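# Reading the structure
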Amino acid sequence: MARIKQIVATIIPRLNTVLIRFLLGLSLLLTGLFIAAWSTTFHPAKVLQEPVFCPQNAPRLSAGQSVKLYNQNVQFMAGKNYVFFFDLAGNTGPDERPSKADIGQTLTGLAQLITQQNPDIILLQEVDDGAKRTDYADQLAQLLSLLPADYLCHTSSVYWQAGYLPHPRIMGAVGMKLSIISKYKISSATRLQLSLIPEDPISQLFNLKRALQDVRLPVDGANELAILNTHLSAFAKNTGTSKRQTSQIDTHLQSLNKNKIPWVIGGDFNLLPPGAYPLLAEDQRVHHETESAMTTLFQRYAAVPSLELTQSDQRQQWFTFFPNDPRVQRPDRTIDYYFYSPQLRLQSAHVETERSLTLSDHMPLIANFSLP
């Protein structure tokens, strides 16, 4: 018995030492991995001033003039030949990236459509920049090279960025941004951080950091025009995130109204209009809530399309989303909108469907406004 006690007394300190060294090594390894992940992911400030690329002699807007806006989620220029893994429940879609040929064809088609529509200001979402799936290209630069030379000014706000995302269907760099292109002078651009989906710290580290892009254009004979661009969370059902994000937008719009600054916000809100949930096919409701988080925005502000149009017999004319789902054969819902200041007057608006069905899973929303 004494011999056994002696052996135990000898072994236990050694085991403790080994265990301590193992735990210390594991802790250092995990800390190193976290630091590496942190250093290659995006951590924006709540308010961030963005660089603006615009010549000093760019033309300026004038009071009373008409301004044509083009708004579209361009789906990283992938086109419509794919069902990506995130397009189906459980990440079961077969595709991970578009081909280089399809990206080139989509860029050319988009540039042709924009040129034909000839908008003054272009609002884009899901523009890739530095992403493995799109060959690490700056897609805004690629698009600008195909557009007429009078699109002089542009600015962007990143909302997804990581040097390496260890997702089994990605396993590489990601990069995506909001972009605004303008024929007219841009004086400033600000990125406003929106609420994040509540999740574990590691997932949140790599996930999208949704934002509101606020761009100011000087107006001769007046003050300025605010053009806002956004892309709200897509997979946030039952987390309260959508309501928090729309509430943040509402607060910002109220501030603009209080300061008498005319504004338009456009984007992919990823939300159905109020009352649209029961009108959507049951197998397509998985990411939507029965009560729309858009209700307050529709109650407070004029919208394109208006709530009345989204509930009318003509609502299909305002469908902006064509899911990459084999069960869906045509656009089936509205999730892209404009809201605009009471100082502006809407002249015309439409969803461009005929020429855009092969370019993206979102149709462009085009509208003309007259400035005060």
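Predicted model only: the values in this text are computed from it and were never measured. (Residues numbered from 1 in each chain as written. Predicted model: local features only at pLDDT ≥ 70, side-chain atom pairs only at ≥ 80, totals over all residues. Heavy atoms only, no water.)

### Considerations on the sheet that holds strand 6 (residues 172-182)
Consider a sheet: its strands pair through backbone hydrogen bonds, and that pairing is either parallel or antiparallel. Ordered by their spatial adjacency, 6 strands build an open sheet running 5-6-4-3-14-13, and the pairing between neighbours is mixed. Of all strands in the sheet, those with a lone pairing partner are strand 5 (153-165) and strand 13 (345-351), marking the two edges. Averaged over all pairs of adjacent strands, the angle between their axes in this sheet comes to 10°, without regard to strand direction. As judged from the 5 bridges shared by strand 3 (residues 66-73) and strand 4 (residues 121-128), these two strands associate in the parallel manner. In the sheet register, Y70 faces strand 4, and the bridge partner there is I122. Strands in contact with helix 2 (residues 100-117) are strand 3, strand 4, strand 13 and strand 14 (365-370); relative to strand 3, the strand with the most contacts, it is inclined by about 160°. (Pairing = 2+ DSSP bridges. Helix = DSSP H or I, 4+ residues; strand = E, 2+ residues; numbered from the N terminus. Axes fitted to C-alpha atoms, helices over the stretch in contact; angles between N-to-C directions. Contact = heavy atoms within 4.5 Å.)

### Let's talk about helix 5 (residues 241-258)
With 18 residues, helix 5 should reach 26 Å at 1.5 Å per residue; the first-to-last C-alpha distance of 26 Å fits that figure. The inward-facing, buried residues of helix 5 contact strand 7 (188-193), strand 8 (211-220), strand 9 (224-231), strand 10 (263-268) and helix 6 (295-300). (Expected span 1.5 Å × (residues − 1).)

### Some points on unusual backbone geometry
The linkage connecting V304 with the following residue, P305, adopts the cis geometry, with an omega of -5°. Even without a glycine there, the phi angle at M171 is positive, about 50°. If you trace the backbone, M171 turns up in the loop between strand 5 and strand 6. By relative accessible area, M171 is classed as partly exposed at 35%. (Buried < 20%, exposed > 50% of the residue type's maximum accessible area, 1.4 Å probe, protein only.)

### Section: the nonpolar core
In this structure, L69, I227 and F369 are the most contacted members of the largest nonpolar core, which totals 31 residues. Every element with two or more residues in this core is listed here: strand 3, strand 4, strand 8, strand 9, strand 12 (336-340) and strand 14. Setting aside anything within four residues of it in sequence, one finds I227 in contact with L69, I121, L123, I180, Q213, D214, V215, L217 and V264. Within the second largest apolar cluster, 22 residues are counted, among which are L192, L194, Y301 and A303. (Core = buried A, V, L, I, M, F, W, Y, C linked by side-chain atoms within 4.5 Å.)

### As for the confidence of the model for the protein chain
Model confidence for the protein chain is summarised by a mean pLDDT of 93, while 90% of its residues fall at 70 or above. Element-level pLDDT for the protein chain is lowest in helix 1 (residues 2-39), with a mean of 60, against a maximum mean of 99 in strand 4. (pLDDT = per-residue confidence, 0-100.)

### Comments concerning helix 2
End to end, helix 2 covers 26 Å across 18 residues, agreeing with the expected 26 Å (1.5 Å per residue, within 8%). Buried within helix 2 are the following residues: D102, I103, T106, L107, G109, L110, A111, L113, I114 and Q117. In this structure, the buried residues of helix 2 make contact with strand 3, strand 4, helix 3 (139-144), strand 13 and strand 14. The positive-phi residue at the C-terminal boundary of helix 2 is N118, with phi of around 55°.

### Quick notes on the state of the cysteines
One pass over the full model with this rule turns up 1 disulfide. Linked covalently through their sulfurs, C54 and C153 form a disulfide whose S-S length is 2.0 Å. Its S-S torsion of about 50° marks the bond between C54 and C153 as right-handed, since a negative value means left-handed. With a gap of 99 residues between them, C54 in the loop between strand 1 (47-49) and strand 2 (61-62) and C153 in strand 5 connect regions that are remote in the sequence. A relative accessible area of 0% places C153 in the buried class. (Disulfide = S-S within 2.5 Å.)

### Section: the packing of aromatic side chains
Applying the stated criterion across every chain, the model contains 12 aromatic pairs. An angle of 75° between the planes, with centres 5.7 Å apart, marks the rings of F269 and Y337 as edge-to-face. With F269 in the loop between strand 10 and helix 6 and Y337 in strand 12, this pair connects stretches of sequence that are 68 residues apart. F269 sits in the buried class, given a relative accessible area of 0%. With relative accessibility at 0%, the residue Y337 sits in the buried group. Aromatic side chains F298 and F339 sit 5.2 Å apart centroid to centroid with 75° between the ring planes, which places their arrangement in the edge-to-face category. With a gap of 41 residues between them, F298 in helix 6 and F339 in strand 12 connect regions that are remote in the sequence. (Phe/Tyr/Trp six-rings, centres within 6.5 Å; stacked < 30°, edge-to-face > 60°.)

### Focus: the pairing of strand 6
Along strand 6, 11 of the 11 residues are buried, which leaves the element largely enclosed by surrounding structure. As judged from the 10 bridges shared by strand 5 and strand 6, these two strands associate in the antiparallel manner. Paired with S157 across the strands is L178, a residue of strand 6.

### Some points on the environment of D138
Within the secondary structure, D138 sits in the loop between strand 4 and helix 3. C-alpha of D138 to C-alpha of N238: the two residues are 100 residues apart in sequence and 34 Å apart in space. A polar contact of 3.1 Å, which involves the side chain of D138, links it to the side chain of K177. (Polar contact = N/O pair within 3.5 Å; in protein donor to acceptor, adjacent residues only side chain to side chain.)

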